[in-house]
Amino acid sequence: MQRSVMLLGASAMLPKAFGQTTLMVRPEWQAFKTTPHYDAFLRAVKLMKSNTTATDPKSWSFWTNIHLNRCPHSIPYFFAWHRGYIYYFERQIRAVSGDSQLVLPYWDYYTNPALPAEFTNPNGGNPLYVSRVNNNVRQALSMAPFSSSLINFPTNSANAFEPSFESAPHNLVHNIIGGVMSDMLSPTDPIFWLHHANVDRLWVAWVSAGNGRKMPALGSAYWSGSHIYTSSLTMPRSSTYGTRTTLGYRYQNESFPTRLPSARSSLSSPDLVQATPNEAVGTQPPLGSFRISPSRQTSDQNVRDRRRARCQPG
């Protein structure tokens, strides 16, 4: 790990929770964007995307390539590998932004399945925008992973949460959004990181729900070895057993959903991108509502436009 930690900045990247008394709290996007950290997040995304040196950890491509080359799908450690991955990415955006309190927010699509407005604004200076096929993922969602019958965790075990959740909602959220989100270069899209923060949060929620649900014991062989991100950036698997010890963070809400979100009945059926036949789109839930905070500016251009408007005569 030493070489990559040197590149990334040791103080920025290494887990710090030993002796840490206060946990970092990852908020839901609608709360996050009302804080001063929103501007720091935009700054980090813009700076990393403008860095064209793919071997530099301060570039967006560096993290996209880790996913392309190392990500485990449909095999054990899907959840745990991604926990370490987004943890290291969070440390990197914190370092690039210069905001020592910046955390990675999550998108709770079980409450609001529409992509946050800040990610769909095509303004040329918006670092959160990429072209997508659909901007609503409600039909990707499933309550199946939260069934009380899924009491085991790992892929390749009976009645397991991990493979059920990976299939839906995880895979279908990627597929329905489409564009680059539907392939292994999905971290190119900034919404990937909020999606996977929510994936991680819902793993926490599953564990917290109890009622017979159980993880492999921390001392078991399952947690031996390391997650590999690059040839020199790794994390002990045991560090990803939970979030509150070595990694030192928690989520604003650590409860799993009890029902599918409401949606306007006028929504059209989304196009499925690379969806498999067993990933069928469900029927729409009843009409409902969800309060979201007002959209935020996504680029310096918005500020300049408003200043010009104020300077106009009349």
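Presented here is an overview of the structure given in this document.

Quick notes on the rules
- Residues numbered from 1 in each chain as written.
- Predicted model: local features only at pLDDT ≥ 70, side-chain atom pairs only at ≥ 80, totals over all residues.
- Heavy atoms only, no water.
- Helix = DSSP H or I, 4+ residues; strand = E, 2+ residues; numbered from the N terminus.
- Contact = heavy atoms within 4.5 Å.
- Areas by Shrake-Rupley, 256 points an atom, 1.4 Å probe, with all protein chains shown as cover.
- Expected span 1.5 Å × (residues − 1).
- Buried < 20%, exposed > 50% of the residue type's maximum accessible area, 1.4 Å probe, protein only.
- Salt bridge = Lys/Arg side-chain N within 4 Å of Asp/Glu carboxyl O.
- Core = buried A, V, L, I, M, F, W, Y, C linked by side-chain atoms within 4.5 Å.
- Axes fitted to C-alpha atoms, helices over the stretch in contact; angles between N-to-C directions.
- Parallel < 35°, antiparallel > 145°, perpendicular 65-115°, else oblique.
- Nonpolar A, V, L, I, M, F, W, Y, C, P; charged D, E, K, R; others polar.
- Pairing = 2+ DSSP bridges.
- Polar contact = N/O pair within 3.5 Å; in protein donor to acceptor, adjacent residues only side chain to side chain.
- Bend = angle between axes of the 7 residues up to and from the residue.
- Phe/Tyr/Trp six-rings, centres within 6.5 Å; stacked < 30°, edge-to-face > 60°.
- Lys NZ or Arg CZ within 6 Å of the ring centre and 35° of its normal.

### Examining the overall build of the protein
When helices and strands are counted, the protein shows nine helices and four strands. The helix and strand sequence of the protein, counted from the amino end, reads α-α-β-α-α-α-α-α-α-β-β-β-α. Across the protein, every contact between residues at least 6 apart in sequence was considered, and the portion connecting residues at least 24 apart equals 72%. Of the accessible surface of the protein, which amounts to about 14100 Å², a share of 53% is contributed by carbon and sulfur atoms.

### Regarding helix H6 (residues 78-97)
When the terminal C-alpha atoms of H6 are compared, their 28 Å separation across 20 residues agrees well with the 28 Å that a helix rising 1.5 Å per residue should span. Buried residues dominate H6, accounting for 19 of its 20 residues. Of the residues one or two after H6, glycine 98 is the one with positive phi, at around 80°.

### Describing the side chain of serine 186
Position of serine 186 among the secondary structure elements: in the loop between helix H7 (161-177) and helix H8 (191-209). Contacts of serine 186, omitting those with residues within four sequence positions, involve His67, His174, Val180, Met181 and Phe192.

### Brief notes about the pattern of salt bridges
If you walk through the whole model with that rule in mind, you get nine salt bridges. Between aspartate 56 and lysine 58 there is a salt bridge; the shortest N-O distance is 3.3 Å. Residue aspartate 200 is joined to arginine 83 by a salt bridge in which the shortest nitrogen-to-oxygen separation is 2.6 Å. Here aspartate 200 is found in helix H8, whereas its partner arginine 83 is found in helix H6, with 117 residues between them in sequence.

### Focus on the nonpolar core
Grouped together as the largest cluster of nonpolar side chains are 71 residues, with contacts concentrated most on Phe41, Trp63, Tyr85 and Trp193. For this core, the elements supplying multiple residues, two or more each, are helix H3 (29-32), helix H4 (37-50), helix H5 (60-70), H6, H7, H8, strand E3 (233-236) and strand E4 (249-251). Contacts of phenylalanine 41, omitting those with residues within four sequence positions, involve Trp29, Phe32, Ile93, Leu102, Leu104, Pro105, Leu128 and Leu194.

### So, the packing of H5 against H6
At a minimum axis separation of 11 Å, H5 and H6 run at an interaxial angle of 170°. Looking at the two axes, H5 sits roughly antiparallel to H6. Note on element contacts: H6 touches H5 through Trp81, His82, Tyr85, Tyr88, Phe89 and Gln92, opposite Trp60, Trp63, Thr64, Ile66, His67 and Arg70. Class assignment of the residues belonging to the contact of H5 with H6 gives a composition of seven nonpolar, four polar and one charged.

### Details of the pairing of E3
Successive side chains on a regular strand alternate, one facing one side of the sheet and the next facing the other. Only one face of E3 is buried, namely the one carrying Leu233 and Met235, since none of Thr234 and Pro236 on the opposite face is buried. Strand direction decides the pairing type here: strand E2 (residues 226-230) and E3, joined by four bridges, are antiparallel. Note on E3: the bridge partner recorded for serine 226 is proline 236. Counting the residues between successive antiparallel strands, the hairpin from E2 to E3 contains two residues.

### A word on the side chain of aspartate 108
Positionally, aspartate 108 belongs in the loop between H6 and H7. A relative accessible area of 9% places aspartate 108 in the buried class. At 3.2 Å, the side chain of aspartate 108 and the backbone nitrogen of tyrosine 110 are in polar contact.

### Quick notes on H7
Over its 17 residues, H7 runs 23 Å from end to end, which matches the ideal 24 Å to within 8%, given 1.5 Å per residue. The largest bend in H7 comes to about 30°, at serine 167, with the proline proline 169 one to four residues further on. Of all the 17 residues making up H7, 13 are buried; the element is thus mostly covered by neighbouring parts of the structure.

### Some details on the packing of aromatic side chains
Overall, the coordinates contain 40 aromatic pairs when judged by the stated rule. Ring plane angle 85° and centroid distance 5.8 Å describe the contact between phenylalanine 32 and phenylalanine 41, whose orientation is recorded as edge-to-face. By relative accessible area, which is 1% here, phenylalanine 32 ends up buried. Take phenylalanine 41: its relative accessible area is 2%, and that puts it in the buried class. Here the aromatic rings of phenylalanine 146 and phenylalanine 165 are separated by 6.3 Å at their centres, their planes lie at 80°, and the arrangement is edge-to-face. One end of the pair, phenylalanine 146, is in the loop between H6 and H7; the other, phenylalanine 165, is in helix H7, with 19 residues separating them in the sequence. With a relative accessible area of 0%, phenylalanine 165 lands in the buried category. Chaining the aromatic ring pairs together yields one cluster made of Phe78, Phe79, Trp107, Tyr109, Tyr110, Phe146, Phe153, Phe161, Phe165, Trp203, Trp206 and Phe256. Directly above the ring of tryptophan 60 sits lysine 49, whose terminal nitrogen or CZ lies 5.7 Å from the centroid. One residue, arginine 237, lies across the ring of tyrosine 77, its end atom 3.9 Å from the ring centre.

### Brief notes about unusual backbone geometry
A negative phi angle is the norm for most residues apart from glycine, just as the trans form is the norm for most peptide bonds. Cis geometry is adopted by the peptide bond preceding proline 169, which originates at alanine 168 and carries an omega value of 20°. Note that proline 169 resides in helix H7. For tyrosine 77, which is not glycine, the phi dihedral falls at a positive 80°. By the secondary structure assignment, tyrosine 77 is in the loop between H5 and H6. A relative accessible area of 15% means that tyrosine 77 is categorised as buried. Positioned with a positive phi, asparagine 211 is a non-glycine residue whose angle comes to about 60°. Mapped onto the elements of the fold, asparagine 211 is located in the loop between H8 and E2.

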